[in-house]
Each structure stands twice: as C-alpha cells, then as structure tokens.
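What the coordinates show
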Amino acid sequence: MLHFVTTNKHKFQESALFLKKHSIPIDHIYLECPEIRSDSFEEIAANAAEYAYKRIKKPLFVEDSGLCIKALQSFPGTFSSWTLKKIGLDGILKLMKSIKNREAEFISVIAYCNEKGIKTFKANCIGTIAVRLMGIKGFGYDPIFIPTGYTKTFGQDFKLKNKLSHRVKALEKFASYLNGD
Ligand code: IMP
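Read on for a plain summary of the structure. (Residues numbered from 1 in each chain as written. Predicted model: local features only at pLDDT ≥ 70, side-chain atom pairs only at ≥ 80, totals over all residues. Heavy atoms only, no water.)

**Details of helix H3 (residues 80-95)**
Heads up, the rule is: In DSSP terms, a helix is any run of H or I states spanning at least four residues, a strand is any run of E spanning at least two, and both are numbered starting from the N terminus. Helix span, expected: 1.5 Å multiplied by one less than the number of residues in the helix. Note on classification: 1.4 Å probe, protein chains only; a residue is buried when its accessible area is under 20% of the maximum for its type, exposed when over 50%, partly exposed between these limits. What makes two residues a contact is simply this: any of their non-hydrogen atoms within 4.5 Å.
The terminal C-alpha atoms of H3 lie 14 Å apart, and with 16 residues this falls more than 12% below the ideal 22 Å at 1.5 Å per residue. All buried positions along H3 are accounted for by Ser80, Thr83, Gly88, Leu89, Gly91, Ile92 and Leu93. Against the buried residues of H3 lie strand S3 (60-69) and strand S5 (117-129).

Following this line, the structure appears as structure tokens:
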C-alpha cells in the first residue's frame with residue numbers, strides 16, 4: 001500500500017480520486033512534516049518526504065504546492081499557505097487591484113520515497129487571477145484561479161480542477177512512473 005502523508009484533506013481527496021482511476025489505492029497518513037524555508041518546491045517536498053520516511057518506513061509520498069503570480073515576482077510561491085493565513089484571498093485581490101497582467105500558475109511537486117530513495121514529479125497549471133472571489137468549492141486559492149482557456153475558477157468548477165490541475169498533472173507523471181509506463 002502506498003501512503004500519502006498530508007494534513008490537507010482536500011489534497012488527499014483529489015489525489016485518491018485520481019489515483020484510484022489508475023488502479024493505485026492510497027492510504028492517508030495524517031502527519032505534520034516540518035517545512036523548510038526555500039524558494040524551491042522540490043527541495044521542500046523532498047525534505048518532507050525524507051522526514052516522513054524516517055518515521056513511517058513505508059513507501060510514501062508528500063506534495064508541496066503553491067500559487068505563483070507573475071506580476072508579483074512569483075509571490076506567494078512556496079509561502080502560499082502562510083500568505084493565505086495572513087492576508088487571505090481578499091488581501092491577494094487587493095495586491096492585484098491595479099495590475100493588468102493577471103497571469104499566474106499553480107505548481108505541484110510530489111516527492112515519492114521508498115527504500116531506494118526519493119523521486120520528485122513536478123507539474124503546473126497556467127491561468128489568471130480573477131478580479132473577485134468566484135465559487136466556494138475546493139480550497140485555498142481555488143476561488144480566484146481561472147485556468148487558461150476557461151472562464152470559471154477552480155472554486156466554481158471542481159470537475160475542471162480534477163481534469164487539469166497542477167496536482168492532477170503531477171499525479172499523472174507519478175502514476176506513469178509507478179505503473180512502469
Ligand atoms: P503546502 O503545499 O501544504 O505548503 O500548501 C500549499 C498552499 O498552496 C495551500 O495551503 C493552498 O493555500 C495553496 N494551494 C496548493 N494547491 C492548491 C490548490 O489546488 N488549490 C488552491 N490552493 C492551493
């Protein structure tokens with residue numbers, strides 16, 4: 001059995017749903033891993049996977065993700081969780097108020113650890129920051145993120161999120177690796 005170590009139930013649900021379709025059942029381990037301070041999603045995820053593996057000693061993965069806004073030099077990036085707690089979605093919308101370039105990307109890095117070591121899988125989802133909150137589905141920045149080519153936010157259209165999100169794309173790479181494709 002493969003274990004997903006996360007304290008975020010949304011991340012677990014999205015991942016379990018996707019991996020089930022690829023015949024990879026997963027188990028949820030609710031363990032808080034210390035998060036190192038870094039600009040690199042890979043470094044943070046790999047560090048957390050190493051920490052978790054030392055304790056659990058079973059094949060597992062963790063995921064580190066965040067939102068990078070182009071006009072804000074990729075802020076909040078690896079500080080997405082902290083930023084959301086401090087200034088919320090309204091704070092982000094205020095920062096973006098007079099900014100025309102609303103391009104942003106979500107990034108997801110999965111770090112898989114087993115007895116052989118750590119392997120990472122990275123993916124992104126490009127879009128724009130909405131001008132107001134739209135939708136209440138999902139979590140985090142979902143109500144303000146509109147993927148490129150669509151008009152609804154992830155917070156409005158969860159099916160869309162489960163089709164093309166950064167997490168789903170990273171999971172696709174991970175599933176191919178596990179299934180030996
Ligand atoms: P971490 O990966 O636990 O460090 O947290 C990442 C943070 O980025 C989350 O708390 C969310 O605020 C944000 N985030 C990551 N993925 C998503 C997503 O799929 N939708 C919305 N926000 C996300």
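**Looking at helix H2 (residues 41-56)**
Taking 1.5 Å per residue as the helical rise, H2 with its 16 residues ought to reach 22 Å, and the 22 Å between its terminal C-alpha atoms agrees with that figure. All of the buried residues along H2 are Phe41, Ile44, Ala45, Ala46, Ala48, Ala49, Ala52 and Ile56. Buried positions along H2 lie against strand S1 (2-5), strand S2 (26-29), S3, strand S4 (103-114) and S5. Lys57, located one to two residues past H2, shows a positive phi value of around 55°.

**Topic: the site of the ligand**
Here is the rule: In this text, near means that some heavy atom of the residue lies within 4 Å of the molecule or strand in question. Polar contacts, as counted here, are pairs of nitrogen or oxygen atoms within 3.5 Å of one another; within protein the pair requires one atom able to donate a hydrogen and one able to accept it, and residues that are adjacent in sequence qualify only if both atoms are side-chain atoms. Where accessible areas are quoted, they stem from the Shrake-Rupley method and a 1.4 Å probe; at the residue level, only the protein chains shown are allowed to cover. A pocket here means an open set of points on a 1 Å grid, computed over the protein atoms alone, that has protein on both sides within 12 Å along at least five of seven lines. A cavity is instead a set of points where a 1.4 Å probe fits but cannot get out; residues with an atom within 4 Å of a point line either one. A molecule is counted as occupying a cavity or pocket when more than half of its atoms fall within 2 Å of that pocket's grid points. Three categories are distinguished: nonpolar for Ala, Val, Leu, Ile, Met, Phe, Trp, Tyr, Cys and Pro, charged for Asp, Glu, Lys and Arg, and polar for the others, with Gly belonging to the last.
Around the ligand, the structure places 17 residues, and the nearest of them are Lys11, Ser65, Asp142, Lys161 and Arg167. One of the backbone nitrogen or oxygen atoms of Ser65 is found 3.0 Å away from an oxygen atom of the ligand. If the ligand stood free it would expose 480 Å²; the protein chains cover 90% of that surface. Comparing atom positions with the cavity grids shows the ligand to sit within the largest pocket. Among the elements that make up the shell around the ligand, the one with the highest residue count is S3 (4 residues). Partitioned by chemical class, the residues of the shell around the ligand number 4 nonpolar, 6 polar and 7 charged.

**Describing the pairing of S3**
Selection criterion: Two strands are said to pair when DSSP picks up at least two bridges between them.
For S3, the tally of buried residues reaches 10 of 10 residues, placing the bulk of the element in the interior. In S3, alternate side chains face the same way, and those of Leu60, Val62, Asp64, Gly66 and Cys68 on one face and Phe61, Glu63, Ser65, Leu67 and Ile69 on the other are all buried. As paired elements, S1 and S3 share 2 bridges and run parallel to each other. Among the inter-strand pairings, Phe4 is bridged to a residue of S3, identified as Phe61. Bridge analysis of S3 against S4 gives 10 bridges, and the strand direction is antiparallel. Bridge pairing in S4 links Ser65 to Ser108.

**A word on the sheet that holds S1**
Here is the rule: To get an axis, fit a line to the C-alpha atoms, keeping to the stretch in contact for a helix; angles then go from 0 to 180 degrees between the N-to-C directions.
Spatially, S2-S1-S3-S4-S5-S6 is the arrangement adopted by the 6 strands of the open sheet, whose pairing is mixed. Two strands lie at the open edges of the sheet, namely S2 and strand S6 (145-147), each paired on one side alone. Across the sheet, the axes of successive neighbouring strands diverge by a mean angle of 40°, strand direction being ignored. Pairing of S1 with S2, which is carried by 4 bridges, proceeds in the parallel orientation. Note that in S2 the partner of His3 across the bridge is Asp27. In the packing of helix H1 (residues 9-21) onto the sheet, the strands contacted are S1, S2 and S3, and the crossing angle to S2 comes to about 170°.

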